[in-house]
Protein chains: 2
Amino acid sequence: MPLLGLLPRRAWAALLSQLLRPPCASCTGAVRCQSQGTRDLSPQHMVVREKILDLVISCFKRHGAKGMDTPAFELKETLTEKYGEDSGLMYDLKDQGGELLSLRYDLTVPFARYLAMNKVKKMKRYHVGKVWRRESPAIVQGRYREFCQCDFDIAGQFDPMIPDAECLKIMCEILSGLQLGDFLIKVNDRRIVDGMFAVCGVPESKFRAICSSIDKLDKMAWKDVRHEMVAKKGLAPEVADRIGDYVQCHGGVSLVEQMFQDPRLSQNKQALEGLGDLKLLFEYLTLFGIADKISFDLSLARGLDYYTGVIYEAVLLQTPIQAGEDPLNVGSVAAGGRYDGLVGMFHPKGHKVPCVGLSIGVERIFYIVEQRMKTKGEKVRTTETQVFVATPQKNFLQERLKLIAELWDSGIKAEMLYKNNPKLLTQLHYCESTGIPLVVIIGEQELKEGVIKIRSVASREEVAIKRENLVAEIQKRLSES
Amino acid sequence: MPLLGLLPRRAWAALLSQLLRPPCASCTGAVRCQSQGTRDLSPQHMVVREKILDLVISCFKRHGAKGMDTPAFELKETLTEKYGEDSGLMYDLKDQGGELLSLRYDLTVPFARYLAMNKVKKMKRYHVGKVWRRESPAIVQGRYREFCQCDFDIAGQFDPMIPDAECLKIMCEILSGLQLGDFLIKVNDRRIVDGMFAVCGVPESKFRAICSSIDKLDKMAWKDVRHEMVAKKGLAPEVADRIGDYVQCHGGVSLVEQMFQDPRLSQNKQALEGLGDLKLLFEYLTLFGIADKISFDLSLARGLDYYTGVIYEAVLLQTPIQAGEDPLNVGSVAAGGRYDGLVGMFHPKGHKVPCVGLSIGVERIFYIVEQRMKTKGEKVRTTETQVFVATPQKNFLQERLKLIAELWDSGIKAEMLYKNNPKLLTQLHYCESTGIPLVVIIGEQELKEGVIKIRSVASREEVAIKRENLVAEIQKRLSES
């Protein structure tokens, strides 16, 4: 997100959506560019994504999570009043008869609705899917109006902080596994935030609004956030200043101890509960060997309304800077927290199911990895083809078709040119440009002798082998490489 | 689709959407059921889906296709007038400022838009994604308003029928691979359909409308289709009867030869072109070894407007009937065809890119496989957890946390209960009910001796091994099983 200055995010989004209306620069004539703020994913994008999503999903599975999916749209009322200030950014569907629908804004609210609807009291699930938000697109930083989220959540009544610690462990495993460079996970607790507001003198009716302002501290300077709180949200200046003292504090478990001694905060029951849980959390994080990655940070607030306990957000300290690479400011790459009240909002009798979870900001991660590959000039193969079927002669289409069907039927990934009489050079060039490692060649001579030539594209070496041994020979070569 | 009688599909959909309005039977109080006509996918659904999609995607990759994705919504104008009678079934987004948008209706039109926008002249791609249609939900037959499509398409100017034959080969590979029982692929050509209409005396302005009627022949009796053509679409009865003679014809390559001799059809240039291509297609299908799966069927019309050449549709002849299993009527499970004009509609200068492709009806396939598993009483594991970390004693949470982190860090899929002091029986029961094969047990004795017990859940055998050998021993056991 660019610096939004003093405009509320929603107003800014509306303004920008006016300014950015099509036609855009790259569009001409009959072709209009695709829906504003979204984009197509090319084969190059898809290869990077597949690799990253594989790593993320295999981590989720390593922790025993089940897969799940929900529809792209929900009843509008399901999504209403769950997201605080951001609710205006929802995509609604047109009323074409039936219920009013909106595109999902995240994967957490649909999960809570699912648990309540199916009366599930315990579940560890992951969900990878698209979500949609009508934000002002800041394309340069990898943000679009349609984007992918990767969520992991643990629902159920358990002993305190054990699932919460596992969520932080998962974030560490994924961020380490992706080799994005150093990272830090900021941790706080909604009860500490609220306790801080209470002891600083924020009226309870303003808690969520002030929480939203504090949440902007990673993108805005304190003086701008303070101005928003005082001028826009009507907070007394001295109350704002008291908050200011707290939100500059961050540190390890020793800061937790220090806050226990804080003369104001220690008077607040909620804050003490939060601090007690954080202390226990740090104990478990130490056993997991990840305490050095975690920072207790009183400026962390998280904008969403539904959090009730521990909250966290992972930031990259820097991206690994290669020669010529600009440092990237990508903001948070993973976040989450505890939301014990959300499921109850959907349950007919209000039964609560405590939940804690995390969301990996894969779009930003895709962007970082793509930028890094671009800088390094790394190329990705967008196909997995292992063998190309070629001929040096005319009128060999029939033989090529028979041969390639044999390869496909043996599970070998194979291509040929869709031409009756392609030139050999064109065929070999295709292999080189697309990275296919092996060519099998059939011509008159080979047909007469009952052999096929196998050519290595890299070494250009060719050997003739018996037709009946072809599949076995290819499989042997592929398993060796 | 249920029998729709004589109502046009759109009117029927509107009527049914009124009748089916919520509240529905399963909804009570505060919980409303999710958006009508869509559904959540449970972990059980997801396991079946993952397996089937893996098989489909690996076939697409075997044929050298690249992955791609497009946004869930397109500009409304992009989708308008591409789908014939079904256009009314589009989901529109509410006008919240900016361009008018609609949810994508299939993956073909977005692909064509992508090719034109990026001036791509040649591409072999697959695309797996959700599409949305406001049809009357016929849930019993596995149809929902949100569903997954798996498309493979070849774009580019190539020698005739080579890519077309590959599309049919792919359909055969996938349907055989999924072991759904016997299947048949009906083939026809839009030019033969149009030629047939012309020689029967259908006015050209009615071609597409009559084509839509013919398309219903797999769900409606000829006399009902005839009535629709005559009473609703104003066709002369004798014209309808002439069509009736043709659409009863189906057979192999010999029927192609027979149609070449047909006194009426052989007078039509378009039809002759189509027949010539089909003859060549059958030659290639024979080389691929799949000609026996293909039937030239003059009743096949395909409802979508954009087809221009060969069209095809795969139907299951019967699902493999197990004891107690009802035969399933699932209709077509894969379909496609050639659409040489679609890309040009999006290109600023109208440049054409010929395309041919196919779409696998995976939702129906999911449904068939799920039904079959249900009948057989087959259970699926919804997690992949390999090892469970247990303790028989109190106050061993810390040791369990250290141990499980070690397993996770070694890439082993591991779980434990989120309780401070769980009972051993509860822990072992969890393994049995979720299918975890191995348990590692740590207690006072083991801690003192520096060992861990490994227990096989199936055999209940336990052995103690040195703590430092634990990961290696687990990996050995997992690789053996």
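Looking at an unreviewed UniProt entry, one finds chain A named histidine--tRNA ligase, with Nomascus leucogenys as its source organism. Turning to chain A, the UniProt record has this under Catalytic activity (unreviewed entry): "tRNA(His) + L-histidine + ATP = L-histidyl-tRNA(His) + AMP + diphosphate + H(+)". UniProt, in its Sequence similarities (unreviewed entry) section for chain A, records the words "Belongs to the class-II aminoacyl-tRNA synthetase family."

Moving on to helix α7 (residues 207-214) of chain A. Of all 8 residues in α7(A), 6 are buried; the element is thus mostly enclosed. Looking at the packing, one finds that the buried side of α7(A) touches α6 (190-200), α8 (222-232) and α9 (237-247) of chain A.

Every contact between the two is made by 92 residues of chain B and, on the other side, 93 residues of chain A. For the chain B and chain A pair, buried surface summed over both sides reaches about 8,400 Å², with 58% attributable to carbon and sulfur atoms. Interface area lost by chain B to chain A is led by Arg62(B), Trp408(B) and Tyr418(B), which between them contribute 10%. At the junction of chain B and chain A, the tally comes to 14 salt bridges. The partner of Glu50(A) in a salt bridge is Lys61(B), and the shortest N-O contact between them spans 2.8 Å.

With that settled, the discussion passes to the packing of aromatic side chains. One pass over the structure, following the stated rule, counts 18 aromatic pairs over all chains. When the centroid spacing of 5.6 Å and the interplanar angle of 35 degrees are considered together, the rings of Phe60(A) and Phe152(A) count as tilted. With a gap of 92 residues between them, Phe60(A) in helix α2 (residues 43-62) and Phe152(A) in strand β5 (residues 146-155) connect regions that are remote in the sequence. Its relative accessible area of 0% is what places Phe60(A) among the buried residues. When the centroid spacing of 5.2 Å and the interplanar angle of 65 degrees are considered together, the rings of Tyr306(B) and Tyr307(B) count as edge-to-face.

Moving on, we get to helix α8 (residues 222-232) of chain B. All names here are of chain B. Of the positions making up α8, those classed as buried are Val225, Glu228 and Met229. Each buried residue of α8 lies within a common arc of 90 degrees when the element is viewed along its axis, so the set occupies one face. Along α8, exposed side chains directed more than 90 degrees from the buried face belong to Lys223 and Ala231. Looking at the buried positions of α8, the neighbouring elements they touch are α7 (207-214) and α9 (237-247). Just past α8, the residue Gly234 takes up positive phi, approximately 70 degrees.

As a further point, take the UniProt feature "binding site: L-histidine" (unreviewed entry) in chain A. Residues and elements named next belong to chain A. The positions UniProt marks with the feature "binding site: L-histidine" (unreviewed entry) are Asp106, Leu107, Thr108, Arg133, Gln149, Asp153, Arg302, Tyr306 and Tyr307. Within the element layout of this structure, Thr108 appears in helix α4 (residues 108-117). Aside from chain neighbours lying at most four places away, what touches Thr108 is Asp151, Tyr306, Tyr339 and Leu342. Not counting the four nearest positions on each side in its chain, Tyr306 is found in contact with Lys82, Tyr83, Asp106, Thr108, Val109, Arg338, Tyr339 and Leu342. There is a polar contact of 2.7 Å between the side chain of Tyr306 and the side chain of Asp106.

Rules behind the numbers
Residues numbered from 1 in each chain as written. Chains lettered and ligands numbered in written order. Predicted model: local features only at pLDDT ≥ 70, side-chain atom pairs only at ≥ 80, totals over all residues. Heavy atoms only, no water. UniProt positions renumbered as here; feature names shortened; annotations may be inferred. Buried < 20%, exposed > 50% of the residue type's maximum accessible area, 1.4 Å probe, protein only. Helix = DSSP H or I, 4+ residues; strand = E, 2+ residues; numbered from the N terminus. Contact = heavy atoms within 4.5 Å. Buried area = accessible area lost by both parts, 1.4 Å probe. Salt bridge = Lys/Arg side-chain N within 4 Å of Asp/Glu carboxyl O. Phe/Tyr/Trp six-rings, centres within 6.5 Å; stacked < 30°, edge-to-face > 60°. Arc of directions from axis to C-beta. Polar contact = N/O pair within 3.5 Å; in protein donor to acceptor, adjacent residues only side chain to side chain.

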